[in-house]
Amino acid sequence: MLTIQHLRKSFGPLVAVDDVSFRVERGTLVGLLGPNGAGKTTTVSMIAGLVTPEKGEVMVDGARLSGDTDPKKRRIGLVPQDLALYDELTVRANLRFFGALYSLSGAALDKAIAGALELVGLADRVNDRVSTYSGGMKRRLNLAAGLLHDPDILLLDEPTVGVDPQSRNAIFDNLETLKRRGKALLYTTHYMEEVERLADRIVVMDHGKVIAEDTLDGLQSRVAGVGGGKATLESVFLTLTGRSLRD
Amino acid sequence: MTFIPLLAMVRKDLQLFFSDRRSVIVSFVVPIAIASFFGSIFSGPSNSSEPARIAVAVVDQDASLISKAILAGSQVDKNLKVTTPTEDEARSLVKTGKTAVAVIIPKGFGEAAGSAFFGDGEKPALGFLYDPSRNVELAMVRGILTQHVMEAVSKEMFGGDQGRQMVEKTLPQIQSSTSMPANQKRLLIEMLGSVQKFYNQPAGGAAAATERRGITMPYTVHEEAMTAGSNIAYNGYAHSFAGMAIQFLLFAMANIGVEMLLERQRGLWSRLRSAPVSKLTLLSGKAASGALISLMILLVSFGFAMVVFKVRIHGSVLGFLGISIACAVMAATFGLLVAALGNSPATARGVTTLAVLMMVMLGGAWVPTFIFPAWLQQFTLVVPVRWAVDGLDAMTWRGIGLSGAIMPVLVLIGFAAAFWTIAATRFRWEET
C-alpha cells in the first residue's frame, strides 16, 4: 500500500536520509528502528509531506504522492512524536479542527470524532479541555486525531513516549485493532519490546540508510543468541548499529 | 483553496484567543483604559472646566507701585496661579517641582524700569527661577509677564506719581544740557512739556477716563479650531483611542505570530502540514483570523469611545470602515511576518515588542507627529501606524470625507501586501 523508493534528504552538508526504500502492506505494521539521528523522523516527515525529498518517491497504491493538496494525502494519517494538541481547547474543539483540515464537516465529522474517541477510550471526556487530561490520555487523543479521516496508512512517530504501562498497552490494543481493519502502519520507536510485540516487519536505519529489513525472526537469525538460543531484538539492533553513543 | 479548512482555522484561532482571558483583557480593556487616560489629557479644556493654571511664585523685593501692579496683574491672570513666598521658599518650591517658575522682582526694579521706559536708563533684570523639565511653562510665563510689566510700567509712567516725578526731574536736566544736539533737545522738551501739561490738567472729563491706563494689548484674538465643523469641538479621545487601539491590535497580532512559532514547537504545524491543505489556505486562515480579531479590537475600542466619550465619525463612515479593515489586514500580515522571521518564540516576542513600540511611537499613536522634527515627520511616512492614525483622525474629528480615506487605505493595503509577500517567501514550510 505504501511504497518508499530511494528517498534522499540532506540538510546542508549532513545527509539525513540516503536512498531509503521499503514497503508497508495493508494490515501490517512495519517497525522503523534506529539510533538517534538515524533518519527515522526525516523519513516519516517526507512520507507525511512535511519535508520535500531531494530524490525518490512516496507511492500510495502505486500512485506517486505529490504536492501539498494531493488528494492522496487524505489516505495518510500522522501521529507526531509531540503532543500536537491545543491544550486550551476542549477535546471536541480540537478534533473538529483537525477533522475539518480533511474537509470533514457536519454529521460526518461528528461520527468520525465519536469513532476515533471510542477506539481510544476517551468518548466520555469529549467536552473537557485537553489541559485537564493526563499524559497517557493526551497520547491516546494524539492517536485519535490522526485517525479522524479514516486513513489507510498511519504514520506513528514514537507514539508512546512518556506514557504509563496501562496507556501504552491501550495504545498497542488500538494499533492491533487498526491492523485488523486493514490499515498499513509505520511505527518508529526506540522501545524494542514494542516492535517485538507489534511489528510484522522491521526496518533498521542508521546514518540515513536502511541497514536491515526483515521479519523479527529473520533479524534474530542473523545474530547468535546467548547459549545458542534466539538473540533478542536489542542485541540484534546493537550488533547492527554498534555500541557507540549517539547524541 | 477549500473553505472548510479555512473556516476551521479561523474558528479555532478565535476560540484560542477568547479562551485566554489575559489576552482578551490586554487586547480590549487595557487600550480602552490607556486611551481614556491619554484622551483626558489631550482633549484640552471642555466648556465646563477651567484650564490648568501654571503655578508661579512672585517674590516682590521692590515693593514699588510698579512691582505691586505687576503682582496684582499676575494674580488676576486666568492662566496663572500666583503665590508670594520669600526668595528661599521660592527656590525650594521650584527645586521640588511644586512650582514651575519663580519670578523675582529685585529692589529698585520699578524706578529703573520707569527710566528705561523712555530709553535713557539701564534696563533692570527680572529674575526667573525655573524647573528645567518645564520649559514650555517658562516660555508661557515669560510671555504673560511681559504684558503685565508693560501695562504696569506704562500706567505708572503716563499717569502715576513716579512718572510725574520723572518728568519734573528730567525736564530741567534736558533744558540745561549743553551736550545734547539742539534739535533733539527741542523735541524732547516739547514732548516732556506736553506730558507735564497732561499730568497737570484738572480731574474729570476725557482725561479722567483715560487716567491711570497703561499700554494694553492693541488687539484681541479670534480663535477657530479647524475641526469637522464650526459647532463641533475637538475631541482628543478620537485620537487617543485610534492610537491605543492600533497599538494593542498590533501587540495582539504579534502575539499570534509568536503563537504560530509555539505551534511549530509543539508539533501542531506538522499536523497542519500533513493535511491536504495548501500553503495559501494555511496562511490565509491565519491572516483572516488575525484580521477579524484586529477589527474587533478596533471597533470595540471606538464603540466604547463613542458611547462614553461621545467620539463621532464626522467624516465618512465608509472611509472609517475602510481604514479599519485595511489596518486590521495590515496588522494580521504583520503577525505572519513575525512568524516567518522569528527564530524562537522568546526572541520573537522581545523583538516584536520593540518593533511595535517603535511603530506606534513614530506613527503618532502616543503623541501627535507635529511635535517631531521635520525630518522625522517625513520619515514616519514609512511607518504604517502613521497612516492608520492619520486616516482615523481624518474620518473622526477632522471630518474629512471619503476622499481622505483613499490614500491611507491604499498605503495600508500596500504594507499588508509587502508583509504578506515577505512572510510567504520566508516562512519555513519544511517541518523537521
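The rules we used
- Residues numbered from 1 in each chain as written.
- Chains lettered and ligands numbered in written order.
- Predicted model: local features only at pLDDT ≥ 70, side-chain atom pairs only at ≥ 80, totals over all residues.
- Pairing = 2+ DSSP bridges.
- Helix = DSSP H or I, 4+ residues; strand = E, 2+ residues; numbered from the N terminus.
- Axes fitted to C-alpha atoms, helices over the stretch in contact; angles between N-to-C directions.
- Domains from an automatic or database assignment.
- Contact = placed C-beta atoms within 7 Å.
- Nonpolar A, V, L, I, M, F, W, Y, C, P; charged D, E, K, R; others polar.
- Buried ≥ 20, exposed ≤ 12 C-beta atoms within 10 Å, placed from the backbone.
- Parallel < 35°, antiparallel > 145°, perpendicular 65-115°, else oblique.
- Left-handed = near helix turned anticlockwise from the far one by under 90°.
- Core = buried A, V, L, I, M, F, W, Y, C linked by C-beta atoms within 7 Å.
- Expected span 1.5 Å × (residues − 1).
- pLDDT = per-residue confidence, 0-100.

Residue and element names in this part refer to chain A. Read from one edge of the open sheet, four strands run E2-E1-E4-E5, paired in antiparallel fashion. Two strands close off the open sheet at either side, each with one partner strand: strand E2 (14-24) and strand E5 (63-64). Examined bridge by bridge, strand E1 (residues 2-11) and strand E4 (residues 55-60) share five bridges and lie antiparallel to one another. The residue bridging leucine 2 from the neighbouring strand is valine 60, located in E4.

We now examine the sheet that holds strand E9 (residues 201-206) of chain A. All names here are of chain A. Reading across the sheet, the six strands line up as E6-E7-E8-E3-E9-E10 and stay open at both edges, with mixed pairing between neighbours. Bordering the open sheet on either side are strand E6 (76-79) and strand E10 (209-214), each of which pairs with just one other strand. Going from strand to strand, the sheet's axes swing by 15° on average, the running direction of each strand aside. Where E9 and E10 come together, five bridges link them in antiparallel fashion.

For chain B, the assigned domains are domain 1 (3-43 + 235-426) and domain 2 (54-210). The C-alpha centroid of domain 2 of chain B is placed 57 Å from the C-alpha centroid of domain 1 of chain B.

Attention now moves to the interface of chain B and chain A. Listed per partner, the contact involves 25 residues of chain B and 30 residues of chain A. Listed by contribution, the elements that provide at least two residues to the side of chain B that touches chain A are helix H1 (3-19) and helix H11 (268-274) of chain B. It is H1(B) that contributes the most residues to the side of chain B that touches chain A, seven residues altogether. Class assignment for the residues of the side of chain B that touches chain A results in nine nonpolar, eight polar and eight charged.

Residue and element names in this part refer to chain A. Across the five residues of strand E8 (residues 184-188), five count as buried, placing the element largely inside the fold. For strand E3 (residues 29-33) and E8, the ladder comprises four bridges, and the chain directions are parallel. Bridging across to E8, valine 30 finds its partner in leucine 186. Of the pairings in the sheet, the one linking strand E7 (residues 153-157) to E8 comprises five bridges and is parallel in character. Pairing of aspartate 157 across the sheet is with threonine 188, part of E8.

What follows is about the environment of Gly236(B). All names here are of chain B. In this fold, glycine 236 is placed in helix H10 (residues 236-265). For glycine 236, a count of 20 C-beta atoms within 10 Å gives the class buried. Through-space distance from the C-alpha of glycine 236 to that of phenylalanine 42 is 5.4 Å; in sequence the pair is 194 residues apart.

Here we come to unusual backbone geometry. All names here are of chain A. Phi is positive for aspartate 150, close to 55°, though the residue is something other than glycine. With respect to the element layout, aspartate 150 can be found in the loop between helix H4 (135-147) and E7. A positive phi angle, near 45°, is found at glutamate 158, a position not held by glycine. Relative to the elements of secondary structure, glutamate 158 occurs in the loop between E7 and helix H5 (165-180).

Okay, the packing of H4(A) against H5(A) next. Residues and elements named next belong to chain A. The contact between H4 and H5 brings their axes to 9 Å, and the two run at 15°. In terms of orientation, H4 and H5 fall into the roughly parallel class. Pair H4 / H5 crosses with right-handed handedness. Contact residues: Gly136, Arg139, Arg140 and Leu143 in H4; Gln166, Ser167, Ala170, Ile171 and Asn174 in H5.

Membership of the largest hydrophobic core comes to 156 residues, with the highest contact counts inside it found for Leu155(A), Ile246(B) and Leu250(B). For this core, the element with the most residues is H10(B), which contributes 18 residues. Not counting chain neighbours up to four residues away, the residues in contact with Leu250(B) comprise Ala331(B), Phe334(B), Val356(B), Met359(B) and Val360(B). Formed by 29 residues, the second largest nonpolar core is a distinct cluster that contains Ala55(B), Ala113(B), Ala152(B) and Val153(B).

Residues and elements named next belong to chain B. For helix H16 (residues 384-395), built from 12 residues, the straight-helix expectation of 16 Å at 1.5 Å per residue is met to within 8% by its first-to-last C-alpha distance of 17 Å. Taken across its 12 residues, H16 has 12 buried, putting it largely inside the fold. Against the buried residues of H16 lie H10, helix H13 (317-341), helix H14 (345-362) and helix H17 (403-426).

All right, on to the confidence of the model for chain B then. For chain B, mean pLDDT is 87; residues scoring 70 or higher make up 94% of the total. In the predicted complex, the global pTM is 0.78; the interface-specific ipTM is 0.90.

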